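Inside the fold
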Amino acid sequence: MAPRGFAIGAAAAGGGHHLEQDYPDPFTFDHTYRGVLAEHFSSLTPENQLKWEFVHPERHKYNFGPADAIVRFAQRHGQKVRGHTLLWHSQNPAWLNEGNFSAEELRKILKEHIFTVVGRYRGKIHQWDVANEIFDGDGNYRTSENIWLRTLGPGIIADAFRWAHQADPKAKLFLNDFGAEGVNARSTAYLNLVKELRAVGVPVHGFGVQGHLSLAFSFPSDMAANLKRFDDAGFETAVTEVDVRIPLNGGTATEEQLRTQADYYRQAVEACLSVRGCTSFTVWGTTNRYSWVPVFFPNEGEATIFTDDFRPKPAYTALQTALAKARR
Ligand code: G3I
């Protein structure tokens, strides 16, 4: 249903919260799930398998097997891959967090990591979330939480983009964050940053809005306007991690909640489709069973577009209808 060139993506589930659940690694072991990824999606994002903690568990050791498997699967099924992520405050390994490295050492560690990881997937990963979640809701750098910003200052962001570009000159390089769907202090900080970086020749190509939404809040109705201002400034955009949490408080979703949820998904994909440079829409999970939402928000859930047995929910149908109607 998707217009030509418009990718519909899904996170390939594994690592992170899955490690604590009573099922094995979904991407590797759940064949029905793999079939759903192959059938319904044209892009995959490793959910955790390219994060530092997972891919670089020891100072001199990388663990590429799981990400390699996702990339091979994507190639076999004609899918794109988004790389997530290179510079983030979260899910960093203990050896890095607790290593007491000097600024000079940290810079070298980051450079080496970016060249190794981006270089390995050169030509195979088309977009990278180079820097993830670097601003807070007021549009200030998350300096105290982020080891790179704290030790090296915000100038390290430009270096990370330069290194990623050298490692794969054709990859499109993105910033990415949640709570930045609408026009607000955080998204404005990103707009200013991408313009500043480009003005000094840093290879930055786009901005991803994650799209972790909840029925507890109204839909960010200025999402299209926000994406458009990046478009107007000459940057690509992407919707990278959509899910829509339903407040459940121990029960299950009502039909009305599922309809409202479908409407949020519809509005989100329509916002992206309305902007020329927004060329992908990725959901963060396919079924509630594998979703991060119930793990982080005990009173919310059912945030995904398929039921636990992979039947399409109203949200799935709403996306399909919006895509079929889209004229690009
Ligand atoms: O690292 C701790 C470990 O020290 C501890 O012993 C263990 C026991 O609870 O937990 C470990 O943390 C887990 C972490 O993954 C690292 O493996 C968390 O419990 C687990 O909940 C976490 O989940 C991932 C989460 O990112 C971490 O922020 C999810 O699987 C993943 O879906 C989620 O994805 C993020 C995107 O990358 C960025 N945007 C937001 C999105 C949703 O949070």
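Our subject is the structure listed above.
Report follows, based on the coordinates. (Residues numbered from 1 in each chain as written. Predicted model: local features only at pLDDT ≥ 70, side-chain atom pairs only at ≥ 80, totals over all residues. Heavy atoms only, no water.)

With that out of the way, let us pick up the pattern of salt bridges. A full pass over the atoms with the stated rule returns 14 salt bridges. Among the salt bridges present, the one from Arg266 reaches Glu270, with a minimum N-O distance of 2.7 Å. Linking Arg266 with Glu270, this pair stays in helix H11 (residues 255–273), spanning 4 residues, or about one helical turn. The exposure class of Arg266 is partly exposed, given its relative accessible area of 27%. When the shortest N-O distance is used, the salt bridge between Arg311 and Asp309 registers 3.3 Å. Overlapping salt bridges, with partners in common, bring together Arg107, Asp159 and Arg162 in one network. (Salt bridge = Lys/Arg side-chain N within 4 Å of Asp/Glu carboxyl O. Helix = DSSP H or I, 4+ residues; strand = E, 2+ residues; numbered from the N terminus. Buried < 20%, exposed > 50% of the residue type's maximum accessible area, 1.4 Å probe, protein only.)

Here we come to the packing of aromatic side chains. This structure, assessed with the given rule, holds 17 aromatic pairs. Here Phe64 and Tyr121 contribute two aromatic rings whose centre-to-centre distance is 6.0 Å and whose plane-to-plane angle is 75°, an arrangement assigned as edge-to-face. Taken together, the residues span a long stretch of sequence, with Phe64 in the loop between helix H3 (52–55) and helix H4 (65–76) and Tyr121 in the loop between helix H6 (103–120) and strand E4 (127–132) at a distance of 57 residues. The two residues Phe64 and Tyr121 agree in class, both being buried. Following the ring pairs from residue to residue traces out a cluster consisting of Phe135, Tyr141, Tyr190, Phe207 and Phe230. Positioned over the ring face of Phe297 is Arg245, at 3.9 Å from the centre of the ring. (Phe/Tyr/Trp six-rings, centres within 6.5 Å; stacked < 30°, edge-to-face > 60°. Lys NZ or Arg CZ within 6 Å of the ring centre and 35° of its normal.)

For the rest of this paragraph, the subject is empty space enclosed by the protein. For the coordinates displayed, the defined rule picks out 1 cavity of 30 Å³ or more. Ala11, Ala13, His18, Tyr33, Glu47, Trp284, Gly285, Thr286, Tyr290, Ser291 and Trp292 together form the lining of the largest cavity. Looking at the lining of the largest cavity residue by residue, the classes come out as 6 nonpolar, 4 polar and 1 charged. (1 Å grid on protein atoms, 1.4 Å probe; cavity = no way out; pocket = protein on both sides within 12 Å on 5 of 7 lines; lining within 4 Å. Points joined across faces, edges and corners; volume = space filled by probe spheres on them. Nonpolar A, V, L, I, M, F, W, Y, C, P; charged D, E, K, R; others polar.)

Mapped onto the fold, Arg245 is located in strand E8 (residues 236–247). A relative accessible area of 8% means that Arg245 is categorised as buried. Polar side-chain contacts of Arg245 include one of 3.3 Å to the side chain of Glu300. Ignoring any residue separated from it by four or fewer positions in sequence, one finds Arg245 in contact with His212, Leu213, Ser214, Leu215, Phe217, Val293, Phe297, Glu300, Gly301 and Ala303. (Polar contact = N/O pair within 3.5 Å; in protein donor to acceptor, adjacent residues only side chain to side chain. Contact = heavy atoms within 4.5 Å.)

Another point: the pairing of E4. Of all 6 residues in E4, 6 are buried; the element is thus mostly enclosed. Judged from the 5 bridges that link them, E4 and strand E5 (residues 172–177) form a sheet pairing that is parallel. Bridging from a neighbouring strand, Ala131 pairs with Leu175 of E5. (Pairing = 2+ DSSP bridges.)

Moving on, we come to H4. Here H4 contains 12 residues, and its C-alpha end-to-end distance of 16 Å stays within 8% of the 16 Å for a straight helix at 1.5 Å per residue. Of all the residues in H4, the buried ones are Ala67, Asp68, Ile70, Val71, Phe73 and Ala74. Looking at the residues trailing H4, positive phi occurs at Gly78, about 65°. (Expected span 1.5 Å × (residues − 1).)

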